[in-house]
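The lines below spell out each chain.
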Amino acid sequence: MVAPDVPLATLARRHLPAAVAGEWIALIRPALHLRPAESTEPDVARLGGLPALPEDVSWPLREGHGPLSFVASIDCGQLPSDALDIALPAEGTLLFFYRHPRWDDGTVIESSAPETQAGARVVYLPPGTQTAEREPPEGVHQYPLVRLAADVIASGPDWEHPALRAALDRVSDEDRAFMDDPMNSDPFRMAMGELSLELGPQHRVGGYADPIQGSVEIDVAQVQLSGRVAYDDPALHQEAQRWTLLAQIDSDDHADMAWGDRGALYWLIRRDDLAAERWQAASFTWQCY
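So, how was this worked out
- Residues numbered from 1 in each chain as written.
- Predicted model: local features only at pLDDT ≥ 70, side-chain atom pairs only at ≥ 80, totals over all residues.
- Heavy atoms only, no water.
- Helix = DSSP H or I, 4+ residues; strand = E, 2+ residues; numbered from the N terminus.
- Rg over C-alpha atoms; globule rule 2.2 N^0.38 Å.
- Areas by Shrake-Rupley, 256 points an atom, 1.4 Å probe, with all protein chains shown as cover.
- Lys, Arg positive; Asp, Glu negative; His and termini not counted.
- Charge placed at Lys NZ, Arg CZ, Asp CG, Glu CD.
- Core = buried A, V, L, I, M, F, W, Y, C linked by side-chain atoms within 4.5 Å.
- Buried < 20%, exposed > 50% of the residue type's maximum accessible area, 1.4 Å probe, protein only.
- Contact = heavy atoms within 4.5 Å.
- Phe/Tyr/Trp six-rings, centres within 6.5 Å; stacked < 30°, edge-to-face > 60°.
- Lys NZ or Arg CZ within 6 Å of the ring centre and 35° of its normal.
- Pairing = 2+ DSSP bridges.
- Axes fitted to C-alpha atoms, helices over the stretch in contact; angles between N-to-C directions.
- Polar contact = N/O pair within 3.5 Å; in protein donor to acceptor, adjacent residues only side chain to side chain.

Student: Got a minute to help me understand the overall build of the protein chain in this structure?
Tutor: The secondary structure content of the protein chain amounts to 8 helices and 14 strands. Rg of the C-alpha trace for the protein chain: 19 Å, near the compact-globule value of 19 Å for 289 residues, within the 12% margin. Of the accessible surface of the protein chain, which amounts to about 13,300 Å², a share of 50% is contributed by carbon and sulfur atoms. If you average the places of the 22 positive and of the 45 negative side-chain charges in the protein chain, the two averages end up 2 Å apart.

Okay, structure coming up:
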């Protein structure tokens, strides 16, 4: 675990009412930022390139549309996952696939639509699995290989995160009124955005997502509730609090990855499903500017 990061806590105290800042700081969680690896560093993850798959595992596809593109792999055995507060496997490899409309059939799916799930996949390969690099099926885009290393960082909830909204039940009516005016968040969000820019593309494992269009937990909660629940329905926020970030893959020029207009891909999972390694229970969403 990491202590609350000084820059994050400082920004919260500078831009938010004291009580709101205190609740936000209390929610800070560790995350792993995946950045380009130096030549002397071992890679803990990779963007693009060719996936290593077992001979008996079919290339993931979306029924009626075709094969998915290979996006990233994460070597759990090399990842400093003991720094996180989620139960990642100690060994094995996670592979992430996504069917991008830019390269594939032009089908764009709303981020919170249940149909989104068919266009993305997470595959876990246990340690010792016999694999070989596999060329993508004909017509599937192959992204350039980028080797990644990992740094432990602190991450905080976004303005609309359900955990923050639940925590604010403990603050005064005046402080809640501050939160309910979206204009009040601008200085804080801009300062947080400047910190993110210093890190480069926001490829992450664990911690909080770095959302672009509101809470990604709300997006996946809508998926689970068939996309028919009003934003102010308590059931939506209760469901959203059950989900945590597994991995975020940002747009990245080095890997020729552009998810819409400088967007990002997000895979989330419930903590009990993660502990039980029920990877089929992961949920996907995406956002862009």
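Student: Explain the nonpolar core to me, please; I cannot follow it from the model alone.
Tutor: Here is a general trend for soluble globular proteins: nonpolar side chains tend to be buried in one another's company. Residues Leu79, Leu88, Leu94, Phe96, Leu246 and Trp267 are the most contacted members of the largest nonpolar core, which totals 39 residues. Apart from the residues lying within four places of it in its own chain, the contact partners of Trp267 are Phe96, Phe97, Ala120, Arg121, Val122, Leu245, Leu246, Ala247, Ile249, Ser283 and Phe284. Among the nonpolar cores identified, the runner-up in size contains 22 residues, and Ala9, Val20, Phe188 and Ala191 belong to it.

Student: In this structure, what is going on with the environment of Asp175? I would like to understand it.
Tutor: Along the chain, Asp175 turns up in helix 4 (residues 173-180). Residue class for Asp175 comes out buried when judged on its relative accessible area of 13%. Spatially, the C-alpha atoms of Asp175 and Leu16 are 9.2 Å apart, while their sequence positions differ by 159 residues. What Asp175 contacts, discounting residues up to four positions off in sequence, is Pro17, Ala19 and Val20.

Student: When you look at the packing of aromatic side chains in this model, what are you seeing that I'm missing?
Tutor: The geometry of two aromatic rings is summed up by the distance between their centres and the angle between their planes. Following the criterion strictly, the structure yields 11 aromatic pairs and no others. Ring centres of Trp24 and Phe188 lie 5.1 Å apart, and the angle between their planes is 85°; on these two criteria the pair is classed as edge-to-face. With a gap of 164 residues between them, Trp24 in helix 2 (residues 18-26) and Phe188 in helix 5 (residues 186-199) connect regions that are remote in the sequence. Each member of the pair, Trp24 together with Phe188, is buried. Note on Trp267 and Phe284: the rings are 5.0 Å apart at their centroids and 55° apart in plane angle, and the pair reads as tilted. A residue pair is termed long-range when its members are at least 10 positions apart, and Trp267 in strand 13 (residues 264-270) and Phe284 in strand 14 (residues 283-287) qualify at 17 residues. When sorted by exposure, Trp267 lands in the same class as Phe284, which is buried. The structure contains a cluster of three or more aromatic residues connected by ring pairs, namely Phe96, Tyr98, Tyr143, Trp259, Trp267 and Phe284. Looking at Arg29, its charged tip hangs above the ring of Tyr208, at a distance of 5.0 Å from the centre.

Student: What should I look at first to understand the sheet that holds strand 8 (residues 120-125) in this one?
Tutor: Either a parallel or an antiparallel arrangement is found when strands of a sheet pair, and the pairing is made through backbone hydrogen bonds. Strands sit in the order 8-7-6-2-10-1-11-12-13-14 across an open sheet of 10 strands; the sheet is antiparallel. Bordering the open sheet on either side are strand 8 and strand 14, each of which pairs with just one other strand. Pairwise comparison of adjacent strand axes, ignoring direction, gives a mean angle of 30° for this sheet. Relative to strand 8, strand 7 (residues 93-98) runs antiparallel, the two sharing 6 bridges. Within the sheet, the bridge partner assigned to Tyr98 lies in strand 8 and is Ala120.

Student: Can you help me understand the side chain of Thr285 in this one?
Tutor: By secondary structure assignment, the location of Thr285 is in strand 14. There is a polar contact of 3.1 Å between the side chain of Thr285 and the side chain of Asp219.

Student: I tried to follow the side chain of Gln248 on my own but got confused; where do I start?
Tutor: Within the secondary structure layout, Gln248 lies in strand 12 (residues 243-250). Classification of Gln248 by relative accessible area gives buried; the value is 1%. Not counting residues up to four positions away in its chain, the partners in contact with Gln248 are Gln202, His203, Arg204, Ala209, Asp210, Ala264, Leu265 and Tyr266.

Student: What is the right way to read the environment of Val205 from this model?
Tutor: Its location among the elements puts Val205 in strand 11 (residues 203-205). Sequence spacing of Val205 and Ala31 is 174 residues, and the spatial spacing of their C-alpha atoms is 6.0 Å. Once you skip the residues sitting within four places of it in the chain, Val205 turns out to touch Ala31, Leu32, Leu34, Ile74, Leu79, Leu84, Leu88, Leu246 and Ala247.

By themselves these figures say nothing about function.
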